Amino acid sequence: MNFELLGSLYLIFIKLGVFTFGGGYAMIPLFHEELVYRHELLSPSLFGDIVAIAQITPGPIGINAATFAGYMHGTLIGAAVCTLGLLTPSLIIVSIIVHFTARFKGSKIVKAIMSGIRPAVIGFIFAAVMFFAEMSIFTSQIPLHYIWDKISGIAATAPDFALRWQGLLIFAIALICSGKLKINIIWTLLLSAILGVILI
Amino acid sequence: MHNIENKDSYWNKLWTLFITFLKIAAVTVGGGVAMLPMMEEEFVRKKKWIDSEDIVDVFAIVQSVPGIIAVNTAVYVGYRVAGLGGAIAAALGVVTPSYIVIVIIAAFMIQAGSLGWVNSAFTGIRAGVCALILVAVIGLGRKVLKSKFEWIIAGAAFIGIYMLGINVIWLILGAGVVGYMRYFLQKKHIDASKEESDA
């Protein structure tokens, strides 16, 4: 058993636990950045798969991602260590708050800070939309650098970037299913998976 | 006699907390606020451990502190009912279903990762998830983005993370500071105008 690895996994997930606000989709960019780019625990496409799986399996997305990343690097024990790491800050912070609940509830300072964080979280979730679009509707990341170079007149080679019409079609169908027809998330994603197998 | 009964009910409480949160987590897909109706049913109506006013506070508080909403909720209710032991029991209950299901799926995916149709299915699912998140963010945005201030912060957060690649942690801290400063500037403004009218 590699204790050094387990220790660093635990610390990574403690940090994620501290900086997760709002839960659900809002945590996707943070997890993406830390797990895929900074610590290279997961490949970008595997991360996308995990978030997708988290949508159709029980439990919070963050816990699912932690269990998954931990399992990939240290099987059952790794999964347990990452999950507990994510739990640790919640246990400490929320326990303290419940203890002093009356003082916290009316705190104007907390309300003021949250009035800034809450709209920022909306921006993060929108970034998560782009992140998923780049792995389904488009064939790669949107080449912002190339577009910027073009605008400023620098000659740049065109990157390998294209629209995937099947992805766009599935996106549109899922949008109608969920937004207009209010069909259950699980059925919408099951349909998306079937369309993926048929079309792509 | 009374003591023994209390001790017995303490462990009973821990077990009930663990099992109840396990059940709630097992049937809520996506976590978070979706847990609310089930918690109300179990803890307010059936067990009468907390009252319904409390449960609204739970959600207000757990969303404004760091951590995963489902876990924070479990810790909050668990602590309320049975102290730190209750908090730990409830938190472990919330993560157990995910742990079992994800471990099984991860083991399967290590073997099936290279299958073509699995990849196609996941590309389809990603397109679907993209749409689901868009629907969710539009709904949330209607509630949160009420003035120019909120729109600017949301836009800046998006540009910061997506176009400039700034670390999310810095953006969260920055947004918190901006919210705090705005409150103080407004307060100063109000205080100043108050003084004027007093004079």
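Residues numbered from 1 in each chain as written. Chains lettered and ligands numbered in written order. Predicted model: local features only at pLDDT ≥ 70, side-chain atom pairs only at ≥ 80, totals over all residues. Heavy atoms only, no water.

1. Some points on the interface of chain B and chain A
Now for step 1: With 84 residues of chain B in contact, the opposing surface of chain A contributes 99 residues.
Now for step 2: For the chain B and chain A pair, buried surface summed over both sides reaches about 8200 Å², with 80% attributable to carbon and sulfur atoms.
Now for step 3: For the chain B face of the interface with chain A, the top three residues by lost area are B:Arg126, B:Leu132 and B:Tyr162, together amounting to 9%.
Now for step 4: Taken together, the connections running from chain B to chain A amount to one salt bridge.
Now for step 5: On the surface where chain B and chain A come into contact, there are nine residue pairs in polar contact (both at pLDDT 80 or more). (Contact = heavy atoms within 4.5 Å. Buried area = accessible area lost by both parts, 1.4 Å probe. Salt bridge = Lys/Arg side-chain N within 4 Å of Asp/Glu carboxyl O. Polar contact = N/O pair within 3.5 Å; in protein donor to acceptor, adjacent residues only side chain to side chain.)

2. Topic: the packing of helix H8 (residues 165-180) of chain A against helix H5 (residues 116-144) of chain B
Now for step 1: Look at H8(A) against H5(B): their axes get within 8 Å of each other, and the N-to-C directions meet at 45°. Relative to H5(B), the element H8(A) lies oblique. Note that H8(A) runs across H5(B); the crossing there is right-handed. Along its contact with H8(A), which presents A:Gly167, A:Ile170, A:Phe171, A:Ala174, A:Leu175, A:Ser178 and A:Gly179, the element H5(B) presents B:Gly124, B:Ala127, B:Gly128, B:Cys130, B:Ala131, B:Leu132, B:Leu134 and B:Val135.
Now for step 2: Among the residues forming the contact of H8(A) with H5(B), the class breakdown is 10 nonpolar, five polar and no charged. (Axes fitted to C-alpha atoms, helices over the stretch in contact; angles between N-to-C directions. Helix = DSSP H or I, 4+ residues; strand = E, 2+ residues; numbered from the N terminus. Parallel < 35°, antiparallel > 145°, perpendicular 65-115°, else oblique. Left-handed = near helix turned anticlockwise from the far one by under 90°. Nonpolar A, V, L, I, M, F, W, Y, C, P; charged D, E, K, R; others polar.)

3. With respect to the pattern of salt bridges
Now for step 1: Per the stated rule, a full pass over the model turns up three salt bridges over all chains.
Now for step 2: Note that A:Glu34 is salt-bridged to A:Arg38, the shortest N-O span being 3.2 Å. One end of the pair is A:Glu34 and the other is A:Arg38, both in helix H2 (residues 28-38) and four residues apart, which spans about a single turn.
Now for step 3: With a relative accessible area of 1%, A:Glu34 lands in the buried category.
Now for step 4: Linking A:Asp49 and B:Arg126 is a salt bridge whose minimum nitrogen-to-oxygen distance equals 2.6 Å. Here A:Asp49 is found in helix H3 (residues 44-56), whereas its partner B:Arg126 is found in helix H5 on a different chain. Accessibility classification places A:Asp49 together with B:Arg126 in one group, the buried group.
Now for step 5: Ionic contacts of the salt-bridge type, sharing partners, join the residues A:Lys15, A:Glu34 and A:Arg38 into one network. (Buried < 20%, exposed > 50% of the residue type's maximum accessible area, 1.4 Å probe, protein only.)

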